[in-house]
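Coordinates in review
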Amino acid sequence: MYHSVWKKSHYQAGLRYGSMFTVNPLSHFERSAEKTAFTQKCIPLYQKYYAEILKEIKGISEGLHMQWETVAEFLFTMYCFVPQNRCSSFAFCSNGKTILAKNSDFLTFVKKLCDSPYYSIEGGYRFVGNTTAWTEIEDGMNEHGLAAALTFIYPTQIMPGLNAGILVRYILEKCKTTQQAIKVLQEFPIASAQTIILADKTGDIALVECNCQKVNVIIPQQNKNVVFATNHFISDTMKVYQYHGEDDCYSRKRYETLSYAFENNYDISLQFVIDLLSGKKGFLCQYDKSEGIDTIWSSIYDLTEHKIYRAEGNPKVKFFREDNRLQKRK
């Protein structure tokens, strides 16, 4: 797993990152007329809601010696056109302790491309995240003790807007609290379908189910201050948007594991979280690699202690190690 560093302006950070490549990282990406048209409709919305990201993409493309529209098409159509990522995430608060955690499940060939970037961009909050690409972020925590994690939902419809990974990136870069992040999701145009779990250092946690048509915010019950998600919508209001094809990523089986773990006598300890993510409480990461799927990283964000732990690979066989870049770097 790479550990990239993004500093100075968005453009300068992107240029530095793109210049590090000696081979074309998008050789596997297939452009299409449909993707190009969709990207062109997205660009004005990015210009309105997150103009800095366009500057970052232009920097990356210059570093890669590629047309910036190609890089934009790769990023803006992610999660909208035949994506393959599958994840499990949860957050809970008990006895003054708040934790958000996630297993990132994806196609095994992506392991060598994964990155855990540290961002200290001008005009934004510092954060550490994880991604299968760049610029977009799939889970992370910022300097103010706000964490976010997405799980992908197969979209039944898409519209021009910001996709899941860019939304998480914006939240970590621009928001301090769970409530600020919820407001962003309610006000921004959304392209893809996903859940985003949010947690901050005050213990405010929420599960947001959203797509291009609707945003549904789930606040946990006080007596069971926990939320969790896999790769399907759970609320009645969002089930109309649910993809009804084969559950080829064991989303419901993983959801049952999380549900059972939190319905029984769970504790707030770090060891409980590690055991759950590692499959010791039921099926969560025990994929058959011959199917081409695996857990490629696993993250734990302790919002109370402001600590990050990550297993770079399947947590069943890889150790969790503390990542202290937010404490050490400026």
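Refer to the structure above for everything that follows.
Residues numbered from 1 in each chain as written. Predicted model: local features only at pLDDT ≥ 70, side-chain atom pairs only at ≥ 80, totals over all residues. Heavy atoms only, no water.

**Here's the deal with the packing of helix H2 (residues 33-49) against helix H4 (residues 68-76)**
Relative to each other, H2 and H4 sit at 90°, their axes nearing to 9 Å. Taken together, H2 and H4 sit at an angle that is classed as roughly perpendicular. For the pair H2 and H4, the contacting residues are Lys 35, Thr 36, Phe 38, Thr 39, Gln 40, Cys 42, Ile 43 and Tyr 46 in the first and Trp 68, Glu 69, Ala 72, Glu 73 and Phe 76 in the second. Within the contact of H2 with H4, the residues separate by chemical class into 7 nonpolar, 3 polar and 3 charged. (Axes fitted to C-alpha atoms, helices over the stretch in contact; angles between N-to-C directions. Helix = DSSP H or I, 4+ residues; strand = E, 2+ residues; numbered from the N terminus. Parallel < 35°, antiparallel > 145°, perpendicular 65-115°, else oblique. Contact = heavy atoms within 4.5 Å. Nonpolar A, V, L, I, M, F, W, Y, C, P; charged D, E, K, R; others polar.)

**Overview of the sheet that holds strand S12 (residues 293-302)**
Reading across from one edge, S11-S2-S3-S12-S13-S14 is the order of the 6 strands in this open sheet, with antiparallel pairing throughout. Where the open sheet ends on each side, the last strands, each with one partner, are strand S11 (226-229) and strand S14 (321-323). Averaged over neighbouring strand pairs, the angle between their axes works out to 15° when direction is ignored. The sheet contact formed by strand S3 (residues 97-107) and S12 spans 9 bridges and is antiparallel. The partner of Phe 106 across the bridge, within S12, is Asp 294. On the sheet, helix H8 (residues 270-277) packs against strand S2 (86-94), S3, S12 and strand S13 (307-311) and is oriented at approximately 165° with respect to S12. (Pairing = 2+ DSSP bridges.)

**What about the pairing of S13?**
Most of S13 sits out of view: 4 of its 5 residues are buried. Here S12 runs beside S13; their pairing, made up of 5 bridges, is antiparallel. Among the inter-strand pairings, Tyr 301 is bridged to a residue of S13, identified as Ile 308. The turn linking S12 back onto S13 is made up of 4 residues, and His 306 within it adopts a positive phi angle of 55°. Where S13 meets S14, 3 bridges bridge the pair, whose relative direction is antiparallel. Looking at the pairing, Arg 310 lines up with Arg 321 of S14. (Buried < 20%, exposed > 50% of the residue type's maximum accessible area, 1.4 Å probe, protein only.)

**Re the pattern of salt bridges**
Enumeration over the complete set of coordinates arrives at 18 salt bridges. Note that Lys 102 and Asp 139 form a salt bridge whose closest N and O atoms lie 3.8 Å from each other. Residue Lys 102 is found in strand S3, and its partner Asp 139 is found in strand S6 (residues 139-142); the two are separated by 37 residues along the sequence. Owing to a relative accessible area of 0%, Asp 139 belongs among the buried residues under this scheme. Salt-bridge contacts for Asp 323 lead to Arg 310; the nearest nitrogen and oxygen are separated by 3.0 Å. Here Asp 323 is found in strand S14, whereas its partner Arg 310 is found in strand S13, with 13 residues between them in sequence. With respect to class, Asp 323 is no different from Arg 310; both count as buried. Among the ionic contacts, a cluster of salt bridges with common partners joins Glu 52, Glu 56, Arg 169, Glu 173 and Lys 174. (Salt bridge = Lys/Arg side-chain N within 4 Å of Asp/Glu carboxyl O.)

**A closer look at the pairing of S6**
Residues Asp 139 and Met 141 of S6 are buried on one face, and the alternating residues Gly 140 and Asn 142, pointing to the opposite face, are buried as well. Relative to S6, strand S5 (residues 127-130) runs antiparallel, the two being bridged by 4 bridges. Within S6, the residue paired with Phe 127 across the bridge is Asn 142. Bridge count between S6 and strand S7 (residues 146-152): 3 bridges; the pairing is antiparallel.

**Remarks on the packing of aromatic side chains**
As enumerated under the stated definition, the model contains 25 aromatic pairs in all. With 4.9 Å between their ring centres and 90° between their planes, Tyr 50 and Tyr 170 make a pair best called edge-to-face. One end of the pair, Tyr 50, is in the loop between H2 and helix H3 (51-64); the other, Tyr 170, is in helix H5 (residues 164-174), with 120 residues separating them in the sequence. The pair Tyr 50 / Tyr 170 is uniform in exposure class, with both members buried. The interplanar angle of 40° and the centroid separation of 5.0 Å between the aromatic rings of Tyr 154 and Tyr 243 together place this pair among those described as tilted. Residue Tyr 154 is found in the loop between S7 and H5, and its partner Tyr 243 is found in the loop between S11 and helix H7 (251-263); the two are separated by 89 residues along the sequence. Three or more aromatic residues link up through ring pairs in this structure, and these residues are Trp 6, Tyr 17, Phe 21, Phe 29, Phe 74, Tyr 119, Phe 127 and Trp 134. Between the NZ or CZ atom of Lys 58 and the centre of the ring of Trp 68, over which it lies, the distance is 4.9 Å. The residue whose ring lies beneath Lys 253 is Phe 283, and the NZ or CZ to ring-centre distance is 4.7 Å. (Phe/Tyr/Trp six-rings, centres within 6.5 Å; stacked < 30°, edge-to-face > 60°. Lys NZ or Arg CZ within 6 Å of the ring centre and 35° of its normal.)

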